[in-house]
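Residue-level listing of the chains:
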Amino acid sequence: MNAMTLPNTHPTRSFQGLILALHNYWAEKGCVILQPYDMEVGAGTFHPATTLRSLGPKPWNAAYVQPSRRPKDGRYGENPNRLQHYYQYQVILKPNPSNLQELYLGSLQAIGLDMATHDVRFVEDDWESPTLGAWGLGWECWCDGMEVSQFTYFQQVCGIECAPVSGELTYGLERLAMYVQGVDNVYDLNFNGLEGDAKVTYGDVFLQAEQEYSRFNFEYADTDILFQHFKDAEAECRALLNAGAPDEAGRLHKCVLPAYDQCIKASHVFNLLDARGVISVTERQSYILKVRDLAKACGEAFLLTEAGGATFEAA
Amino acid sequence: MPDLLLELRSEEIPARMQRKAAGDLKKLVTDALVDAGLTYEGAQEYWTPRRLTLDLRGLTARSKDVREERKGPRTDAPEKAVEGFLRGAGLSSVDEAEIRTDPKKGDFYVAVIEKKGRAAEEIIAEIMPSIIRDFPWPKSMRWGAASRKPGSLRWVRPLQSILCTFGPETEEPVVVDFEVDGIRSSNVTYGHRFHAPEAIKVRRFEDYAEKLDAAKVVLDAERRKRMILDDARNLAFANGLELVEDEGLLEEVSGLVEWPVVLMGTFEEEYLEIPPEVIRLTIRANQKCFVCRPQGEPDKLSNRFVITANIEAKDGGKEIAHGNGKVVRARLSDALYFWKTDQADLPDLDKLAASAEKFGLDLKKPLDQRMARLDHLGVTFHAKLGTQGERVERIRGLARELALIFGADPDLAERAAVLAKADLQTEVVGEFPELQGAIGRKYADLQGEHPAVAAAIEEHYKPLGPTDVVPVDPVSVAVALVDKLDMLVGFWAIDEKPTGSKDPYALRRAALGVIRIVVENGVRLGLASSIIKRDSLALLIFLKGREFRDVGENAFAPDIRVLLSVEELKTLAYRMVDADNSATEQSLLEQNDKSLSDLLSFFHDRLKVYLRDKGARYDLIDAVLASDAYQASDRTPGDVSPAPAEASAKQTAASANNDDLLLIVRRVEALSELLATPDGENLLAGTKRAANILAAEEKKGTRIADAVDPALLTEASEKALFTAVDAAEKKAAEAIQNQDFSAAMKALAALREPVDSFFEHVLVNDENDSIRANRLALLARIRRATGQVADFSKIAG
């Protein structure tokens, strides 16, 4: 395939082209195309469009890009594969359609992976998020031995049984882009698909950020302030859930989404503290449990809202 | 007779579950069919990542008609009784019952219940839904729109279709019609996901397997495995290499593909700087690929690896090999990073100074730094038994002491013990826990440790089972024993012993390890000796100390060292006891003794298993442990004649020796040799006879003389036996004292002839009470003489 004959927005030529191709594909399949959530999260699953919307009986189909932060994975921009900030492409389909595997394979075709030359495999991977009180069964999807996506049938989220079950697809965009562009170093990815002087690489966009944030994550972040942030977020989350709680049975909860924001915040602060190495093995578990308790409380409150299906009658 | 073909097609089933699931399917279906009154000739199960298949041959077409007669009450019985009978037999009126006449009982009702046989098809349709619903997956899930409601079908991954045909070879098979949660059985399946996604109509197993094969699905997992292995070997050979075979990986890989295609990938030679085990595990765990080595170089790896793809790619697999190579390179670059990081300085070294001082560590060396960090971070070994650092503190002192016993340099043993757990803090072990020990050894070599220290770091975990290598170097032996003993003593002290099938800390393996090290190296070590006893008591006090931490009595907890003498520890125990009125020093010591003696009998049990596995007679252990050598304190009252003085002194010493596993094994071996000879066999019979007579007479209360009076011996045979017993007993006792058990057995074997002759020519039950009492005393001497080596009554045969 001659890259130069393809338009610069082609998924094999530019990072942004890859995203656009996935957007188009899933939009055609009837998904709501959302924008990233405007908070720091560790994975696309944390977006309320997945965590909360996977609860309750209402159908929901959405796709979005989510910038994800994993402070511990910072490598000061020196590792060709590992980033403390990267993009996930997230698709959530509730209930999961019976041909979800075929839909997924279709999306790989759409970004230029030919199933006649590539070896795509579904390899057992049971997914669990201790902080979200969530688990599901599914696979790592391999393309030529590389894990390009996670494919999960959610069984439980926020400690609540999923009824119905959602199918969740998570694509690691940088990896996928490196693969389709044939690039070995993430910073060499072509971001805009142009060549010569007009070409913008992933490194042009993110290298400095990776260096600075690695310093922040591992060295500069003030742990006293972070500990305080964690406490504050925890307290605020509980306070908001209390404030919005229905005053009598049958009424709706009035303040779940802002409370859930605080849960997300607590989770990210915990990840930062973890990266700074100030959380001992035993404390670690107790922090995870604290975040999980918040997530559970938010999930339960969400079921008492419109979007959570409190007023929904299945057709 | 008709055959049944069943296929449950699913989204990808985890590789590790497929084999068992197919077996379960066979068992569940055949059991249910047999329960319903059908028989079959044969059943074979198959599996791929996307299907479980059962090929069942020669099923009976119908279950048999069953005729059952049920006796009822007499015709003149009360109405109630008749009603009850009708209800029980399922009849609606008496007209449906037969009346029989019995000359004695008169007329009575009989219900004849005829159950019509049912068509196999009907039975299959009835049993299948519940077999599918209740399938024993280790983990199952719900999915799709049906999961809106509770009670929807659960399966390992979404179940996609059910194929079920039935019929004799001579006819067109039919679809056995049933439905599970909206999935209706049919005669349709699908081929390879990418090569042949179209629907395939199937009649019976023969055309099913054939059509699948044409649709690029190899149904038989064993065939897939053979294909992969043969192709991989050939591909390696063609490249001048040798495949590093791996049965576990082969099994897994065969469960990831329906159409195996073997390809070769490469990575840069610079990664070969990483230890081969790390490379192999990296590529295996993350990529499920095989590694290769240059032909004839068992310790090296090549930079080639073998991929098993699931498709015949258009480009011959170029893209696939290229892609896999990229991932392997990325993984190896991580591994190389770990490998290098582990050899570099840790940040924040100044924080580690206290830990370094405690263990005499040199913070210029990487492995020393890791040990210091292990201690500094307070990494837990077990919630009740404290941290890894505390454990290392215990074992280093004990290692010194044992080293002295085994003739190892105590400084080296201590150093090895101090560094033994350091690699738990390395990146490589963090990534591959199974490399613990092996990696520590490599880093120890790299920082210039003494070879014996480096070896001991790896070998102290060994042996890891009945077939693993046993360490032989004295330094390794010392640390390996100490590590296992500390663990056993510790878990016994907190009373978390293995029960039934539960042994989460692999304590049985640890005990077997101790046995193998001791026996196979010929090491003499008293497991209840003062060294161990002290260590265990120190541990117990340490555990108490932890309890006291909260009440401000922590002053002694951290400084308890195993090098204290028993007396010092007793003093320490006393001090602690003062702080806690509920315990006493005595109770602490008693608790320690009790847990140690309990641990000792655990060792004896394990020893039996060990000897049995080696094909030895484990009943001989019971006999040996019941011998006077180990039971000196509870001699039977009827057996009080004074033993030769030297034997008696020796016996007392020996009685404390049932913790010397090596001696027990030596005795068992010698006894086993003796019993294999005709002399031994007869002596066993004679001794048993003597013991039986004695037991019977003791029970009757017959008088038995305290000692044999030579003057009362009348017959030549008994005189000869007395002389022989006297001599044999002395000789055996001497030999035992010299721990020459073969000689002891030989001495006893000499008794065979006189014993036989005695029983042949002498009547024990003489009319004369004195003579009888004297002869019984002589029999007691036989029992005592042989009792020095074993209680013969405990030996089978």
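Residues numbered from 1 in each chain as written. Chains lettered and ligands numbered in written order. Predicted model: local features only at pLDDT ≥ 70, side-chain atom pairs only at ≥ 80, totals over all residues.

1. Examining the overall build of chain A
Working step 1: Counting secondary structure elements, chain A contains eight helices and nine strands.
Working step 2: Over its C-alpha atoms chain A spans a radius of gyration of 20 Å, differing by no more than 12% from the 20 Å that the globule rule assigns to 315 residues.
Working step 3: A principal-axis box enclosing the C-alpha atoms of chain A has dimensions of 65 × 55 × 35 Å.
Working step 4: Buried residues in chain A amount to 49% of all 315 residues.
Working step 5: Sequence separation of at least 24 residues holds for 66% of the intrachain contacts in chain A that already meet a minimum separation of 6. (Helix = DSSP H or I, 4+ residues; strand = E, 2+ residues; numbered from the N terminus. Rg over C-alpha atoms; globule rule 2.2 N^0.38 Å. Buried ≥ 20, exposed ≤ 12 C-beta atoms within 10 Å, placed from the backbone. Contact = placed C-beta atoms within 7 Å.)

2. A word on the overall build of chain B
Working step 1: Within chain B, the secondary structure is distributed over 29 helices and 18 strands.
Working step 2: Radius of gyration (C-alpha) of chain B: 37 Å, far over the 28 Å computed for a compact globule of 797 residues.
Working step 3: Over its C-alpha atoms, taken along the principal directions, chain B stretches across nearly 105 × 100 × 60 Å.
Working step 4: Classification of the 797 residues of chain B by burial places 44% in the buried group.

3. A word on the interface of chain B and chain A
As a measure of interface size, the accessible area lost when the parts come together is often cited.
Working step 1: Taken together, the 32 residues of chain B in the interface contact 31 residues of chain A.
Working step 2: Elements that contribute at least two residues to the side of chain B that touches chain A include exactly β16 (304–309) and α8 (318–341) of chain B.
Working step 3: It is α8(B) that provides the largest number of residues to the side of chain B that touches chain A, a total of seven residues.
Working step 4: By residue class, the composition of the side of chain B that touches chain A is 15 nonpolar, seven polar and 10 charged. (Nonpolar A, V, L, I, M, F, W, Y, C, P; charged D, E, K, R; others polar.)

4. Comments concerning the sheet that holds strand β6 (residues 106–115) of chain B
Residues and elements named next belong to chain B.
Working step 1: One open sheet holds the three strands; their spatial order is β4-β6-β5, and the pairing between them is antiparallel. The open sheet has two edge strands, β4 (66–74) and β5 (98–102), and neither has a second partner. Within this sheet the neighbouring strands show an average axis-to-axis angle of 35°, counted without direction.
Working step 2: Pairing analysis gives seven bridges linking β4 to β6, with the strands arranged antiparallel. (Pairing = 2+ DSSP bridges. Axes fitted to C-alpha atoms, helices over the stretch in contact; angles between N-to-C directions.)

5. Let's talk about the domain arrangement of chain A
Residue and element names in this part refer to chain A.
Working step 1: Taken domain by domain, chain A consists of domain 1 (7–217) and domain 2 (222–302).
Working step 2: Measuring from the centre of the C-alpha atoms in domain 1 to the corresponding centre in domain 2 gives 25 Å.
Working step 3: Classifying every residue of the side of domain 1 that touches domain 2 gives 12 nonpolar, five polar and four charged. (Domains from an automatic or database assignment.)

6. Description of unusual backbone geometry
Working step 1: Between A:Ala163 and A:Pro164 the backbone carries a cis peptide bond, its omega angle lying at 5°.
Working step 2: Among the structural elements, A:Pro164 can be located in the loop between β8 (160–161) and β9 (167–172).
Working step 3: Cis geometry is adopted by the peptide bond preceding B:Pro463, which originates at B:Lys462 and carries an omega value of -5°.
Working step 4: Even without glycine at this site, B:Asp348 takes up a positive phi of about 60°.
Working step 5: Along the chain, the position of B:Asp348 falls in the loop between α8 and α9 (353–359).
Working step 6: One non-glycine residue, B:Ala506, lies in the positive phi region at around 50°.

7. Points about the nonpolar core
Working step 1: With 247 residues, the main nonpolar core has B:Val306, B:Ala416, B:Val475, B:Ala478 and B:Val479 as its most contacted residues.
Working step 2: Top contributing element to this core by residue count: helix α16 (residues 474–493) of chain B, with 14 residues.
Working step 3: Residue contacts for B:Ala416: discarding those within four places in its chain leaves B:Val453, B:Ala456, B:Ile457, B:Val475 and B:Val479.
Working step 4: Counting 42 residues, the second largest nonpolar core, distinct from the first, contains A:Val157, A:Cys237, A:Leu241 and A:Cys263. (Core = buried A, V, L, I, M, F, W, Y, C linked by C-beta atoms within 7 Å.)

8. Topic: the packing of helix α12 (residues 410–419) of chain B against helix α15 (residues 451–459) of chain B
Residues and elements named next belong to chain B.
Working step 1: The geometry of α12 relative to α15 is characterised by a closest axis approach of 9 Å and an angle of 40° between their N-to-C directions. Here α12 is positioned oblique relative to α15, judged by the angle of their axes. Crossing handedness for the pair α12 and α15: right-handed. Every residue of α15 that contacts α12 at Leu412, Arg415, Ala416 and Leu419 is listed here: Ala452, Val453, Ala456 and Ile457.
Working step 2: Its residues assigned to classes, the contact of α12 with α15 shows seven nonpolar, no polar and one charged. (Parallel < 35°, antiparallel > 145°, perpendicular 65-115°, else oblique. Left-handed = near helix turned anticlockwise from the far one by under 90°.)

9. Description of the sheet that holds strand β14 (residues 261–266) of chain B
Residues and elements named next belong to chain B.
Working step 1: Judged by pairing direction, the sheet is antiparallel, and its four strands sit side by side in the order β13-β15-β16-β14 without closing on themselves. Edge positions in the sheet fall to β13 (241–243) and β14, since each of these pairs with one other strand and no more. Between one strand axis and the next, the sheet turns by 35° as a mean value, whatever way the strands run.
Working step 2: Packing against the sheet, α8 makes contact with β14 and β16, and its axis sits at approximately 50° to β14.

10. Overview of the pairing of strand β10 (residues 183–186) of chain B
Residue and element names in this part refer to chain B.
Working step 1: Here β10 shows a buried face lined by Ile183 and Ser185 and an unburied face lined by Arg184 and Ser186.
Working step 2: Where strand β7 (residues 159–167) meets β10, two bridges bridge the pair, whose relative direction is parallel. Following the sheet pairing, Leu163 is matched in β10 by Ser186.
Working step 3: Between the end of strand β9 (residues 179–180) and the start of β10, which pair antiparallel, lie two residues, with Asp181 showing a positive phi angle near 45°.

11. Side note on the pairing of β14(B)
Residues and elements named next belong to chain B.
Working step 1: Of all six residues in β14, five are buried; the element is thus mostly enclosed.
Working step 2: The pairing of β14 with β16 spans six bridges and is antiparallel. Residue pairing across strands places Thr266 opposite Arg304, the latter belonging to β16.

12. Some points on helix α6 (residues 247–254) of chain B
All names here are of chain B.
Working step 1: Of all the positions in α6, only Leu249, Val253 and Ser254 are classed as buried. All buried residues of α6 fall inside an arc of 130° around its axis, so they share one side. Turned more than 90 degrees from where α6 packs its buried face, Glu247 and Gly248 sit exposed.
Working step 2: Residues of α6 that are buried in the fold lie against α5 (221–238), α7 (276–287), β15 (290–294) and β16. (Arc of directions from axis to C-beta.)

13. With respect to α15(B)
Residue and element names in this part refer to chain B.
Working step 1: With respect to burial, α15 is a largely interior element, eight of its nine residues being buried.
Working step 2: When we look at burial in α15, the residues that qualify are Ala452, Val453, Ala454, Ala455, Ala456, Ile457, Glu458 and Glu459.
Working step 3: If you follow the buried residues of α15, they end up packed against α12, α14 (438–446) and α16.

14. Details of the environment of B:Pro347
Working step 1: On the secondary structure map, B:Pro347 appears in the loop between α8 and α9.
Working step 2: C-alpha separation for the pair B:Pro347 and B:Gln369, spaced 22 residues apart in sequence, amounts to 9.9 Å.

15. Quick word on the environment of A:Glu161
Residues and elements named next belong to chain A.
Working step 1: As for its placement among the helices and strands, Glu161 is situated in strand β8.
Working step 2: Taking the C-beta count within 10 Å as the criterion, Glu161 has 13 such neighbours and is therefore assigned partly exposed.
Working step 3: Taking the C-alpha atoms as reference, Glu161 lies 37 Å from Tyr213; in sequence the two are 52 residues apart.

16. Concerning the confidence of the model for chain B
Residue and element names in this part refer to chain B.
Working step 1: Averaged over all residues, the pLDDT of chain B is 87; the fraction at 70 or higher stands at 91%.
Working step 2: The low-confidence segment residues 550–566 (pLDDT under 50) makes 33 contacts with residues lying over four places distant or belonging to another chain.
Working step 3: pLDDT under 50 marks residues 632–656. Its contacts with residues more than four places away, or in other chains, come to 27 contacts. (pLDDT = per-residue confidence, 0-100.)

17. Points about the environment of B:Glu7
Residue and element names in this part refer to chain B.
Working step 1: Relative to the helices and strands, Glu7 is located in strand β1 (residues 3–10).
Working step 2: Taking the C-alpha atoms as reference, Glu7 lies 64 Å from Glu590; in sequence the two are 583 residues apart.
Working step 3: Apart from the residues lying within four places of it in its own chain, the contact partners of Glu7 are Arg51, Thr53, Leu163 and Thr189.

18. A look at the packing of α7(B) against α8(B)
A packed helix pair is summarised by two numbers, namely the angle formed by the two axes and the spacing between the axes.
Residue and element names in this part refer to chain B.
Working step 1: Here α7 crosses α8 at 130°, and the two axes come no closer than 10 Å. As judged from the angle between their axes, α7 and α8 are oblique. Viewed along their axes, α7 and α8 form a crossing whose handedness is right-handed. Together, Val278, Ile279, Thr282, Ile283, Asn286 and Gln287 of α7 and Asn324, Val327, Val328, Arg331, Leu332, Ala335 and Trp339 of α8 make up the contact between the two elements.
Working step 2: Residues of the contact of α7 with α8, tallied by class, amount to eight nonpolar, four polar and one charged.

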